[in-house]
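# A look at the structure
Take a look at the letters that make up each chain.
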Amino acid sequence: MDSYIICGTPRTGSTLLCDLLASTQVAGNPDSFFMKDVDPFWAERWALPVRNGVSDKGYCAAYLKAVIAAGSGQTSIFGLRLMIENLDDLTSMSEKVYPDARSDMEGLQFAFGEILYIHLTREDKLAQAISMVKAEQTGLWHIGPDGTELERLAQPEEPRYQFNRIASKIEELERFDAAWLNWFDEQGIIPLRITYETLSQSSIEAVGLICTQSGCARAVA
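Nothing here was measured: the structure is a model prediction, and the numbers come from that model.

Conventions we followed
- Residues numbered from 1 in each chain as written.
- Predicted model: local features only at pLDDT ≥ 70, side-chain atom pairs only at ≥ 80, totals over all residues.
- Heavy atoms only, no water.
- Helix = DSSP H or I, 4+ residues; strand = E, 2+ residues; numbered from the N terminus.
- Rg over C-alpha atoms; globule rule 2.2 N^0.38 Å.
- Buried < 20%, exposed > 50% of the residue type's maximum accessible area, 1.4 Å probe, protein only.
- Contact = heavy atoms within 4.5 Å.
- Areas by Shrake-Rupley, 256 points an atom, 1.4 Å probe, with all protein chains shown as cover.
- Lys, Arg positive; Asp, Glu negative; His and termini not counted.
- Charge placed at Lys NZ, Arg CZ, Asp CG, Glu CD.
- Axes fitted to C-alpha atoms, helices over the stretch in contact; angles between N-to-C directions.
- Parallel < 35°, antiparallel > 145°, perpendicular 65-115°, else oblique.
- Nonpolar A, V, L, I, M, F, W, Y, C, P; charged D, E, K, R; others polar.
- Left-handed = near helix turned anticlockwise from the far one by under 90°.
- Polar contact = N/O pair within 3.5 Å; in protein donor to acceptor, adjacent residues only side chain to side chain.
- Pairing = 2+ DSSP bridges.
- Arc of directions from axis to C-beta.

The next point concerns the overall build of the chain. When its secondary structure is counted, the chain shows nine helices and six strands. Computed over its C-alpha atoms, the radius of gyration of the chain comes to 18 Å, within 12% of the 17 Å expected for a compact globule of 221 residues. By its C-alpha atoms, the chain is 50 × 45 × 35 Å across when sized along the principal axes. For the chain, the proportion of its 221 residues judged to be buried stands at 45%. Restricting the contact set of the chain to residue pairs at least 6 apart, pairs at least 24 apart contribute 73%. Of the roughly 12,100 Å² of accessible surface on the chain, 52% is carried by carbon and sulfur atoms. In the chain, which carries 19 positive and 31 negative side-chain charges, the distance between the mean positions of the two groups comes to 2 Å.

Right, dumping it as structure tokens:
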């Protein structure tokens, strides 16, 4: 494999998985490179191009080149975290660069080489929904093992119980998972399935499985 794509939904442990894979120093430097309104800090850090009158195809080609460099780090494999709401952003970009591709999968293969698709899910949808609602309410999305804030997107607020909001999130998260499954089926993709529950209980096993199936484990063999 030349690359892997973590196909996830919010609150499935994708940040932890990306950090663990990057820490191996052989499995790329995965992140969410395809999203609307990329933070200027990350745009500069990833050396993303600016349009400045460049054609759509030229801009998209430069963007793909930049993220491959950022997502590979100092390794020979490219890693990407992708949420379902950003799938169209990625595929439309690959279509502009590779208009002869006959499918989404072929366009992504032209861009990233042979790809291992990883479907990261969470079996306990209630817990996932509560986690998402709590993060939205408090503004705090990620904390370190010692309680240090790692990612805050809004000012602190006290969490509060909201039955309807939680129920709505469960439905939304189920739709997200179904959308990934439908896309895999349409593209003829059989992904490697990893759950939040497995990742939280045996992160070493999950990372080892990805490294083995992507081929980067050979780099340290």
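The next thing to look at is unusual backbone geometry. The phi dihedral of Asp37 is positive, around 55 degrees, even though this residue is not glycine. Looking at the element boundaries, Asp37 is found in the loop between α1 (14-23) and α2 (40-45). A relative accessible area of 76% means that Asp37 is categorised as exposed.

Here the focus is the packing of helix α4 (residues 87-97) against helix α5 (residues 104-112). Packed helix pairs are characterised by how far apart their axes lie and by the angle those axes make with each other. Contact geometry for α4 and α5: axes closest at 9 Å, N-to-C directions at 70 degrees. Relative to α5, the element α4 lies roughly perpendicular. Within the contact between the two elements, α4 uses Leu90, Thr91, Ser94 and Glu95 and α5 uses Asp104, Gly107, Leu108 and Phe112. Residues that form the contact of α4 with α5 fall into these classes: three nonpolar, three polar and two charged.

Where α1 contacts helix α9 (residues 203-214), the two axes come as close as 10 Å, and the packing angle between them is 65 degrees. The crossing of α1 and α9 is right-handed. In contact with Leu17, Leu20 and Leu21 of α1, α9 contributes Ser203, Val207, Ile210 and Cys211. When its residues are assigned to classes, the contact of α1 with α9 shows six nonpolar, one polar and no charged.

Looking now at the environment of Ser72. Along the polypeptide, Ser72 turns up in helix α3 (residues 56-72). As for Ser72 and Lys57, which are separated by 15 residues in sequence, their C-alpha atoms are 22 Å apart. Excluding its chain neighbours within four sequence positions, the residues that come into contact with Ser72 are Gly28, Asn29, Ile77 and Phe78. A polar contact is formed between the side chain of Ser72 and the backbone oxygen of Ile68, at a distance of 2.6 Å.

In the case of a regular strand, side chains alternate between the two sheet surfaces. Counting buried positions along strand β3 (residues 115-121) gives seven out of seven residues, so the element sits mostly inside the fold. Neither face of β3 is open: one carries Ile115, Tyr117, His119 and Thr121, the other Leu116, Ile118 and Leu120, and all of them are buried. Relative to strand β6 (residues 192-195), β3 is paired through four bridges, and the arrangement is parallel. Directly across from Ile118, in β6, lies its bridge partner Leu192.

Looking only at α1, the buried set comprises Ser14, Leu17, Cys18 and Leu21. Seen from one end, α1 has its buried residues packed into an arc of 100 degrees, which puts them on one side. Residues of α1 that are buried make contact with β1 (3-8), β2 (78-83), β3, α8 (196-201) and α9. Residue Gln25 follows α1 closely and has a positive phi angle near 65 degrees.

When you line up the elements, Ile166 lands in helix α7 (residues 163-187). Residue classification places Ile166 among the buried residues on the basis of a relative accessible area of 11%. Considering only alpha carbons, one finds Ile166 and Lys125, 41 residues apart in sequence, at a separation of 10.0 Å. Residues contacting Ile166, with those up to four places away along its chain left out, are Leu126, Ala129, Ile130, Val133 and Tyr161.

The analysis is restricted to geometry; functional conclusions fall outside its scope.
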